[in-house]
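Survey of secondary and tertiary structure
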Amino acid sequence: MDTLIAQLQKQFRDYTISLYHQGFLDDQFTELKKMQDEFSPDFVAELVTLFFEDCEKLISNMARALDQTGNVDFKLVGSSVHQLKGSSSSVGAKRVKGLCVVFKECCDSQNYEGCVRCLQQVDVEYKSLKAKLQDLFNLEQQIVQAGGRIPQVDI
């Protein structure tokens, strides 16, 4: 059993480090993990779940607004992009946040094609991050179920 826990913990460390090295996460995610303790073991997972629910709504709203060909409200889209940038920044979603910067520039210059391209990229990145974090949280659950502790990962 100790061998299984050690293997899971190593897998968790390696996977977490890879998420940082690939640019999916930044230091804000580390800060959130530090706030998690035995009294709130699902703190980060719950916060990230809210973030992804927010992403889905914002992406859907932006897609609808951009569907109004010839009558796009770029201020409305830009406002949603700004909100998404803020929430992605607060959970450490580095790639999503970076795309939002470019997306906002496209909104400010009323670049329709750029906005559509950015929306597609944001959608892909958010879905990719969601799958990767789900894998990370599943690893955490496996470690706990095996009787182990989630290791602190220093980046």
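You'll find the structure just up there.
Quick caveat: nothing in here was measured; it's all calculated off a predicted structure. Each chain carries its own residue numbering, running from 1 in the written order of its sequence. Reporting of local features is limited, given that this is a predicted model, to residues whose pLDDT is at least 70; pairs of side-chain atoms are given and counted only at 80 or more, and all residues count toward the totals for whole chains, interfaces and linings. Only hydrogens and water are set aside when side-chain values are computed; all heavy atoms of the structure are taken into account.

**A few points about unusual backbone geometry**
With the exception of glycine, most residues fall at negative phi, and the peptide bonds are largely trans. Phi is positive for glutamine 110, which is not a glycine, with a value near 55°. Along the chain, glutamine 110 falls in the loop between α5 (94-108) and α6 (112-145). Only protein chains enter the accessibility calculation, which uses a 1.4 Å probe; a residue is then buried when its area is under 20% of its type maximum, exposed when over 50%, and partly exposed in between. The exposure class assigned to glutamine 110 is exposed, which follows from its relative accessible area of 55%. Helix and strand labels come from DSSP, where a helix needs a run of H or I of at least four residues and a strand needs a run of E of at least two; each type is numbered from the N terminus.

**Points about the packing of helix α2 (residues 27-35) against helix α3 (residues 43-66)**
Their axes nearest at 8 Å, the elements α2 and α3 cross at an angle of 135°. Considering their axes alone, α2 and α3 lie oblique with respect to each other. Residues Phe29, Leu32, Lys33 and Met35 of α2 form the contact with α3, whose participating residues are Phe43, Val44, Leu47 and Val48. All residues other than Ala, Val, Leu, Ile, Met, Phe, Trp, Tyr, Cys, Pro, Asp, Glu, Lys and Arg, Gly among them, are scored as polar; the first ten of these are nonpolar and the last four charged. Residues that form the contact of α2 with α3 fall into these classes: seven nonpolar, no polar and one charged. Convention adopted: a line fitted to C-alpha atoms gives each axis, helices being fitted over their contacting stretch, and angles between N-to-C directions are expressed from 0 to 180 degrees. Note that the term roughly parallel is reserved for angles under 35 degrees, roughly antiparallel for angles over 145, roughly perpendicular for angles of 65 to 115, and oblique for everything else. Contacts are residue-level and defined by heavy atoms, with any inter-residue pair within 4.5 Å sufficient.

**Focus: α2**
All of the buried residues along α2 are Phe29, Thr30, Leu32 and Lys33. Along α2, the residues classed as buried sweep out an arc of 160° about the axis, all on the same side. With respect to the buried face of α2, the exposed residues turned more than 90 degrees away are Asp27, Lys34 and Met35. Buried residues along α2 sit in contact with α1 (2-21), α3, α4 (74-91) and α6. Between a side-chain oxygen at the N-terminus of α2 and the backbone nitrogen of glutamine 28 the separation is 3.0 Å; the capping residue is aspartate 26. It is the directions from the helix axis to the C-beta atoms that the arc portrays. Contacts described as polar in this section are N or O atom pairs within 3.5 Å, which, within protein, must combine one atom able to donate a hydrogen with one able to accept it, while residues neighboring in sequence count only if both atoms come from side chains.

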